[in-house]
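So you can see what is in the structure, the chains are spelled out below.
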Amino acid sequence: SPQTAGTAITGITLTAQDANNNTQTSYTGTVTYSGTAGITGSSGSFTAGVLSSVSVTPAVTGSGKTLIVAGSGKTGSSTFDVNPGALDHFVISAISSPQTAGTAFAITTITAQDANNNTATSFGSTVTFGGTAGVTGTSGAFTSGVLSGASVTPTVAGSSLTVTVNDGSNHTGSATIATVNPGALDHFAISSIASPQTAGTAITGITLTAQD
């Protein structure tokens, strides 16, 4: 102890024993894995009551996590601590809708996670923002793998727009804003006008657009 989530623990020996802790050499069955460390699956067959070189992989982090083996109505367990694995991705908390283009809102949490969705507490760097909602910029530093209350501003109006984060090493995360409404009127856009035109002759097909 400690072990690391997502990394195999190798070289384990499982021994079937009687009530006096003698090896029960007649046991040649298998056992299944469970416990709070998130280890699942079934073992190979025991030989004369012993199964050597067992490899299992924990998936859940925390202190005092357990591996439990069960077979023929009997159990055995071992306890150890499990640390998070390496950074694999980010999770952005749900973003309420609608939001408004040009108006900042706070993301409740952005969490760095390992491949088994445990918080990667060793991540203390920053992320950059992107996505179809037009959010840009760089975040503040994470604390123990979590960034709370990051303020971002969407600039694109529409439906099902994304906010993404990236640490620069291909670790990403995203969340969807169901609706981003336009902001208040700021100016007008005139569609392109071909040139030359002729004095006294109407120019047709012009589009005027009110924009935020």
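Whatever comes next refers back to the structure up there.
All of the points below concern the structure found in this document.

So, how was this worked out
- Residues numbered from 1 in each chain as written.
- Predicted model: local features only at pLDDT ≥ 70, side-chain atom pairs only at ≥ 80, totals over all residues.
- Heavy atoms only, no water.
- Helix = DSSP H or I, 4+ residues; strand = E, 2+ residues; numbered from the N terminus.
- Buried < 20%, exposed > 50% of the residue type's maximum accessible area, 1.4 Å probe, protein only.
- Contact = heavy atoms within 4.5 Å.
- Polar contact = N/O pair within 3.5 Å; in protein donor to acceptor, adjacent residues only side chain to side chain.
- Phe/Tyr/Trp six-rings, centres within 6.5 Å; stacked < 30°, edge-to-face > 60°.

Below, the discussion takes up the overall build of the protein chain. Each helix and strand in the protein chain was counted, giving zero helices and 16 strands. For the protein chain, the spread of C-alpha atoms along the principal axes amounts to about 110 × 30 × 25 Å. The burial tally for the protein chain puts 30% of its 212 residues in the buried class. Across the protein chain, every contact between residues at least 6 apart in sequence was considered, and the portion connecting residues at least 24 apart equals 57%.

Our next topic: the side chain of His89. Relative to the elements of secondary structure, His89 occurs in strand β8 (residues 89–92). Given a relative accessible area of 16%, His89 falls into the buried group. Within the local environment of His89, its side chain forms a polar contact with the side chain of Asp88, the two groups lying 2.9 Å apart. Contacts of His89, omitting those with residues within four sequence positions, involve Thr111, Ala112, Gln113, Asp114, Asn117 and Thr172.

Turning our attention to the environment of Ala141. Within the secondary structure, Ala141 is located in the loop between β11 (128–130) and β12 (146–152). For Ala141, a relative accessible area of 47% corresponds to the partly exposed category. Non-local contacts of Ala141, meaning those with residues more than four positions away in its chain, are made with Gly124, Ser125, Thr126 and Leu147.

What follows deals with the packing of aromatic side chains. Aromatic ring pairs are reported here in terms of the distance separating the ring centres and the angle at which the planes meet. As enumerated under the stated definition, the model contains four aromatic pairs in all. Here Phe90 and Phe123 contribute two aromatic rings whose centre-to-centre distance is 5.3 Å and whose plane-to-plane angle is 70°, an arrangement assigned as edge-to-face. Of this pair, Phe90 sits in strand β8 while Phe123 sits in the loop between β10 (105–113) and β11, placing them 33 residues apart in sequence. With relative accessibility at 4%, the residue Phe90 sits in the buried group.

Attention now goes to the environment of Val50. Here Val50 lies in strand β5 (residues 50–56). When near neighbours in sequence (up to four residues on either side) are disregarded, Val50 contacts Thr13, Leu14, Thr15 and Thr23.

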